[in-house]
Structures are given as C-alpha cells and as structure tokens.
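As a plain string of letters, each chain reads:
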Amino acid sequence: MKLVLATHNKDKITEIKALLQVLPINILTFQEFVRFPDVVEDMDTLEGNAEKKAREIFKITGMPALADDTGLFVDAINGEPGVFSSRYAGENVTYADNREKLLREMADIPDGKRDAAFKTVIVLIMSKDEKYIVEGRCEGYIGVEEKGTKGFGYDSIFYLHDTGKSFAELAVEEKNKISHRGRALQKIKKILEKITK
Ligand code: IMP
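Residues numbered from 1 in each chain as written. Predicted model: local features only at pLDDT ≥ 70, side-chain atom pairs only at ≥ 80, totals over all residues. Heavy atoms only, no water.

Engineer: Please explain the environment of Asp75 as it appears in this structure.
Structural biologist: Of note, Asp75 is situated in the loop between strand 3 (65–74) and strand 4 (80–82). With 51 residues separating them along the chain, Asp75 and Pro24 place their C-alpha atoms 40 Å apart. (Helix = DSSP H or I, 4+ residues; strand = E, 2+ residues; numbered from the N terminus.)

Engineer: Would you take a moment to explain the pattern of salt bridges for this structure?
Structural biologist: When charged atoms on two side chains of opposite charge get close, those side chains can pair. Under the criterion given, the structure shown has 16 salt bridges. Close ionic contact of Arg99 with Glu146 constitutes a salt bridge, the shortest N to O distance being 3.1 Å. One end of the pair, Arg99, is in helix 3 (residues 95–105); the other, Glu146, is in the loop between strand 6 (130–142) and strand 7 (158–159), with 47 residues separating them in the sequence. Counted as one network, the salt bridges with shared partners bring together Lys12, Glu15, Asp68, Asp155, Lys175 and Arg181. (Salt bridge = Lys/Arg side-chain N within 4 Å of Asp/Glu carboxyl O.)

Engineer: Explain the site of the ligand to me, please; I cannot follow it from the model alone.
Structural biologist: Close to the ligand lie 15 residues, the nearest being Lys12, Thr70, Asp155, Lys175 and Arg181. One nitrogen or oxygen atom from the side chain of Lys175 is found 2.8 Å from an oxygen atom belonging to the ligand. Isolated, the ligand exposes 480 Å² of accessible area, and the fraction of that covered by the protein chains is 95%. At the level of secondary structure, the elements contributing two or more residues to the shell around the ligand comprise strand 3 and helix 5 (180–196). (Near = heavy atom within 4 Å. Polar contact = N/O pair within 3.5 Å; in protein donor to acceptor, adjacent residues only side chain to side chain. Areas by Shrake-Rupley, 256 points an atom, 1.4 Å probe, with all protein chains shown as cover.)

Shown next, in the form of structure tokens:
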C-alpha cells in the first residue's frame, strides 16, 4: 500500500515516518510528486483543516492520503493561538516569531497559571467514501524562556509538568512517545495495521 503525507513540513514528516515506517507501507511525500499544492488552511477547526489537506492530496495523487493539523491551546489567553498557531504572529512568519509573540503576550502571567495543551487531529482518506479521524493531546505549560535545540515550532517553550523538560530537549523518539502527534499517530497506526493485514 502507498500512503501520501499531505504536508510540506519536513519536521512533521520526520516524526510521522519515525512512527509509521515499521508498517508494510510505502510512505510518499511531496518530494515524489511534480504537482503538490500547499493547501490553504482556512477552516476554523483542526478537524476541518486536516480533512481539507488530506482530501486535496488524495484527489491530486489518487492515493490514500494522511494529514495532521495541530494547535497549541493556552488556557490563560482563552485558548490562543489554537487553530491559528502557524500564523500567530502574522502571515509568512518564522517559528521564532510565533514563539516570541506568545512569550510577549504571556509576560504578565505567573508560574502556575501557564498551562497549555497541544492537540493534533489526523485525517486519513483511503478513498472518496472511506475516512478515519483520530486525535491526540499533550498537556504541559509555557515556560518563560526557551530551552533545548531539538524539535520545531513551539517546542522550546512548551514544558512537561512531570520532568520540567521542554519538548526541544527530547529526541524525536522520546517526543513521539508522549506528544500530541505521537498519540494520534499511535491510533492511526492501529487503523493502518488492520487495513494492511
Ligand atoms: P499546523 O497547522 O498543523 O502546521 O501547525 C500549526 C503550528 O503549530 C506549526 O506552524 C508549528 O508552529 C506548531 N506545531 C505543530 N506541531 C508542533 C509540535 O509538535 N511542536 C511544536 N510546535 C508545533
């Protein structure tokens, strides 16, 4: 079976491949296709965006497609940046711009009130009428400064309650065991195992 990852994000591709590569599936990415659009994420939910991305790539490639959409939800600021996590600081911004804006917005929020959660929704489109949807969550808090050099996005300011480590201090395998995307991927992996049996 072939499976196309409906993303241009190389960081996500690394994490997804690390978990799914044990399956008897040929995982394809945008690099194997001449035409592979950057799907506009204009829906107002993670579910909506993930399904839109997976469906468009399924239509274009004619192969099963998998997309994830992730948001970081911070309690103290009404769940922001949420579904707008990738463009929190504006259009065409860097990961660092988004992290800086979040730290700025949270400058007055004391320790103990900085809880946050990552949520990932994964949609797998097998055919026009066969869709699977799963989600994963990871709870933590936003630190007051960056720590660690691994990972991407908000990883260096997202800390885990039990260890006090940031996601950016974890190797990809460690992050995958507990992260939002890792948890959603474990669920989709079970579904793919059944499909490929
Ligand atoms: P997307 O819309 O699913 O691409 O994700 C929205 C934004 O959330 C990305 O641009 C990243 O900044 C951030 N993000 C997604 N996944 C992660 C993660 O695993 N760690 C840290 N930040 C992430």
